[in-house]
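Survey of secondary and tertiary structure
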Amino acid sequence: PYTITIQVADGTYTTPVTLKSYLAAGGGITLLGNTTTPANCVIAVTNNTAITNANALGSWLVQGFKLQTTTSGYGLVATGNAYLNASAIDFGACANGHLLIAGGAYCGFVGAYTISGNAPVHVMVQNAEVFTAGQTLTFSGAITFAVAFSVAQIGGLHQAYGMTFVGTFTGPRYSASLNGVIFVNGAASTYFPGTVAGSTATGGQYG
């Protein structure tokens, strides 16, 4: 029934991180960087994803990191049976996107976070769930999403109601298709602070 914390010192780390299955940590495992200044604890990788949880058994909490990728790769990926929570994350520039949550995984934000770098998409959710509801998201600098801020596909669900946005971004607000759902509890189509209208297609829903 223990909660385990892995404390990571400030610095820049260039090796991708893979979260593993575990036994006997009833309270879960926390991967902890610098929650006061996440930009001091950076995971910066090339041709890969910064942090991956691929079907790992058990609950992980990731806090206090700046994530960035070059050439290819996402900031954070969760797939399969992964159950992942996060807070105090600074999403820097990421080649493929900030978040990819797919194949039945869950990713929930349990505290405020920041976006300081561009990416094609912030949230990409496919047959999985992303929960950012109620959190404060700060856009630091001139941020652009070429595809959309939130993309829900193939039955994916992004619960984003009740968020507070500090700053704006350039690009489409959302894209829901193939029965994907972006749930904002009835908020207006301009709820996400982008510059281009969102879109729905092929059973996708926003509302």
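Shown above is the structure to which this text applies.
We now turn to the structure provided with this report. (Residues numbered from 1 in each chain as written. Predicted model: local features only at pLDDT ≥ 70, side-chain atom pairs only at ≥ 80, totals over all residues. Heavy atoms only, no water.)

The next thing to look at is the overall build of the protein chain. When helices and strands are tallied, the protein chain shows 0 helices and 25 strands. Taken against the 2.2 N^0.38 rule, which gives 17 Å for 207 residues, the C-alpha radius of gyration of the protein chain at 16 Å falls within 12% of a compact globule. Each principal axis of the C-alpha atoms in the protein chain carries an extent, and together these give about 45 × 35 × 30 Å. Counting over 207 residues, the protein chain shows a buried share of 52%. Contacts spanning at least 24 positions in sequence make up 72% of the contacts within the protein chain whose residues lie at least 6 apart. In the structure as shown, the protein chain presents an accessible area of about 8400 Å², 53% of it carried by carbon and sulfur atoms. (Helix = DSSP H or I, 4+ residues; strand = E, 2+ residues; numbered from the N terminus. Rg over C-alpha atoms; globule rule 2.2 N^0.38 Å. Buried < 20%, exposed > 50% of the residue type's maximum accessible area, 1.4 Å probe, protein only. Contact = heavy atoms within 4.5 Å. Areas by Shrake-Rupley, 256 points an atom, 1.4 Å probe, with all protein chains shown as cover.)

This part is about a nonpolar patch on the surface. Together, Tyr2, Ile4 and Ile6 line one region of the surface with nonpolar side chains, adding up to about 310 Å² of accessible area. Mapped onto the fold, Tyr2 is located in the segment before β1 (4-7). (Patch = residues over 30% accessible without salt bridge, like charges linked within 9 Å, V, L, I, M, F, W, Y side chains within 5 Å. Salt bridge = Lys/Arg side-chain N within 4 Å of Asp/Glu carboxyl O.)

The subject of this paragraph is the pairing of strand β12 (residues 97-102). Counting buried positions along β12 yields 6 of 6 residues, so the element is predominantly enclosed. Sheet topology places strand β9 (residues 74-79) next to β12; 5 bridges connect them, and they run parallel. The residue of β12 that forms the bridge with Leu76 is Leu99. As judged from the 4 bridges shared by β12 and strand β15 (residues 119-126), these two strands associate in the parallel manner. Across the sheet, Ala102 pairs through a bridge with Gln126, a residue of β15. (Pairing = 2+ DSSP bridges.)

If you walk across this open sheet you meet the 9 strands as β1-β4-β7-β10-β13-β16-β19-β23-β25, and the pairing is parallel. Here the strands that pair on one side only, and so sit at the sheet edges, are β1 and β25 (205-206). For β1 and strand β4 (residues 29-32), the ladder comprises 4 bridges, and the chain directions are parallel. Within the sheet, the bridge partner assigned to Ile6 lies in β4 and is Leu31.

To continue, consider the sheet that holds strand β8 (residues 66-70). Strands sit in the order β2-β5-β8-β11-β14-β17-β20 across an open sheet of 7 strands; the sheet is parallel. Only two strands of the sheet have a single neighbouring strand rather than two, namely β2 (11-13) and β20 (164-166). Two strands pair when backbone bridges link them, and strand β5 (residues 41-46) and β8 are joined in this way by 5 bridges, in the parallel orientation. Along β8, the bridge assignment pairs Thr46 with Thr70.

We now examine the nonpolar core. In terms of nonpolar packing, the biggest core is built from 51 residues, with Phe65, Leu67, Phe91, Phe139, Phe149 and Phe192 touching the most fellow members. Looking at this core, the element that brings in the most residues is strand β18 (residues 143-153), giving 4 residues. Once residues lying within four places of it in the same chain are set aside, the contact partners of Phe139 are Ile115, Phe145, Phe149, Phe165, Val166, Gly167, Thr168, Phe169 and Pro193. The next biggest cluster of nonpolar side chains, apart from the first, holds 8 residues, and it includes Tyr74, Leu100, Ala102 and Met124. (Core = buried A, V, L, I, M, F, W, Y, C linked by side-chain atoms within 4.5 Å.)

Quick look at the pairing of β18 now. Among the 11 residues that make up β18, 8 are buried, leaving the element largely enclosed by the rest of the structure. Bridge count between β15 and β18: 6 bridges; the pairing is parallel. When the bridges of β18 are listed, Val125 appears paired with Ala152. Of the pairings in the sheet, the one linking β18 to strand β21 (residues 169-170) comprises 2 bridges and is parallel in character. Paired with Ile143 across the two strands is Phe169, which belongs to β21.

For Ile51, the position within the fold is in strand β6 (residues 51-54). Given the relative accessible area of 0%, Ile51 is considered buried. Along the sequence, Ile51 and Gly73 sit 22 residues apart, while their C-alpha atoms lie 9.8 Å from each other. Not counting residues within four places of it along the chain, the set of residues in contact with Ile51 comprises Val17, Leu19, Ile43, Val62, Leu67, Gly75, Leu76 and Val77.

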